[in-house]
Amino acid sequence: MALLTLDRVTKRFGGLLANNSVSFEVIEGEILGLIGPNGAGKSTLFEQITGFYPPTSGRIEFEGHSLVGLRPDQVNRLGIGRTFQKVKPFLGMTVIENVMVAAMQYDPDPVKARRDARGFLEIVDLADKGDAGARALSIGERKRLEMARAMATKPRLLLLDEVTGGVDQRTIPTLLQLISRLRNEQGLTLVVIEHNMRVIMSISDRIVALHLGEVIADGRPADVVKSPRVIEAYLGDSFVVPATESGPRR
Ligand code: ADP
Ligand code: MG
């Protein structure tokens, strides 16, 4: 069953078509990988699903409810959680307080929020850091905190934007295990934006590839990786990567 349906979703920023008639479904219980080179329009799609940007045109439905025109908190309340590509924890708070704030958005009881927050920190393996300041966390830990914050809003569908981006390579397997556990043990459906093809192949049931705002492949990982359009888009991108990694753009 389709949990989320995108139908010809288009987002225009002035003369730029960030998403051009994007259509695909997210099936209940799956991990869907969303890939594409930088600027392909992946994050813009999340912004539209979650009510941060209104689509220029197109239909977005979650369990038959249209999400178009809803505010981010309304979309969240319907059962869609998300993380941001650039994580921004409240640095002046402790780790557990960060999760409590998210939990208390919908249930103001602080005792319950603390108990729930502890549970979510356990899920993301940050239970021992609950009383530390958020400032003390590494990038990988901040991404896991962000996941706990998203979990605290009790979503059925979780959208993760580049959770492995910028983290210590050695912690990536742990992050991937966590994503699989969210599906297998917490029963979540996930859409995972990821830049690294090998990473996304290892966890996704299905992959949608975007390039220049358009869907260029949608299918099983083993098929998508063989798609000439995907190979071409990634080959082009790989010429850019060394320059951005070593150059002043970082
Ligand atoms: P990705 O996440 O795939 O790297 P984005 O969705 O962030 O790509 O961006 C897609 C395109 O839309 C890029 O060209 C980006 O510069 C542009 N874009 C994204 N957000 C805005 C915005 N708020 N205003 C103008 N252009 C934007
Ligand atoms: Mg992005």
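None of the values given here were measured: they were computed from a predicted structure.

## What to know about the environment of A152
With respect to the helices, strands and loops of the structure, A152 is situated in the loop between α5 (139-151) and β7 (157-161). Classification of A152 by relative accessible area gives buried; the value is 5%. Remark: the alpha-carbon pair of A152 and G119, spanning 33 residues in sequence, is separated by 9.2 Å. Those residues in contact with A152 that lie beyond four places of it in its chain are V99, A102, A103 and F120.

## Regarding the site of ligand 1
Around ligand 1, the neighbouring residues are F13, L16, A18, P37, N38, G39, A40, G41, K42, S43, T44 and Y53. Taking G39, its main chain carries an N or O atom lying 2.7 Å from an oxygen atom of ligand 1. The side chain of K42 places a nitrogen or oxygen atom 2.8 Å from an oxygen atom of ligand 1. Relative to its free-state accessible area of 560 Å², ligand 1 is covered by the protein chains to the extent of 63%. Going through the elements one at a time, β2 (16-27) and α1 (42-49) are the ones with two or more residues in the shell around ligand 1.

## Quick look at the coordination of the magnesium ion (ligand 2)
Tetrahedral coordination by four donors sets the ideal angle at the metal to 109.5 degrees; octahedral coordination by six donors sets it to 90 or 180 degrees. At this site the magnesium ion (ligand 2) is bound by S43 (OG) and Q85 (OE1), with donor distances of 2.1 to 2.2 Å. With S43 in helix α1 and Q85 in the loop between β6 (80-82) and α3 (95-104), the pair connects residues that are 42 residues apart, well separated along the chain.

## Considerations on unusual backbone geometry
With a phi angle near 55°, S21 is a residue other than glycine that sits in the positive phi range. You can see S21 is positioned in strand β2. Residue class for S21 comes out partly exposed when judged on its relative accessible area of 37%. The residue E63 is not glycine, and still its phi comes out positive at about 50°. Counting through the fold element by element, E63 comes out in the loop between β4 (57-62) and β5 (65-66). Here E63 falls in the partly exposed class, since its relative accessible area comes to 34%.

The rules we used
Residues numbered from 1 in each chain as written. Chains lettered and ligands numbered in written order. Predicted model: local features only at pLDDT ≥ 70, side-chain atom pairs only at ≥ 80, totals over all residues. Heavy atoms only, no water. Helix = DSSP H or I, 4+ residues; strand = E, 2+ residues; numbered from the N terminus. Buried < 20%, exposed > 50% of the residue type's maximum accessible area, 1.4 Å probe, protein only. Contact = heavy atoms within 4.5 Å. Near = heavy atom within 4 Å. Polar contact = N/O pair within 3.5 Å; in protein donor to acceptor, adjacent residues only side chain to side chain. Areas by Shrake-Rupley, 256 points an atom, 1.4 Å probe, with all protein chains shown as cover. Donors = N, O, S within 2.8 Å, 3.2 Å for Na, K, Ca; no water.

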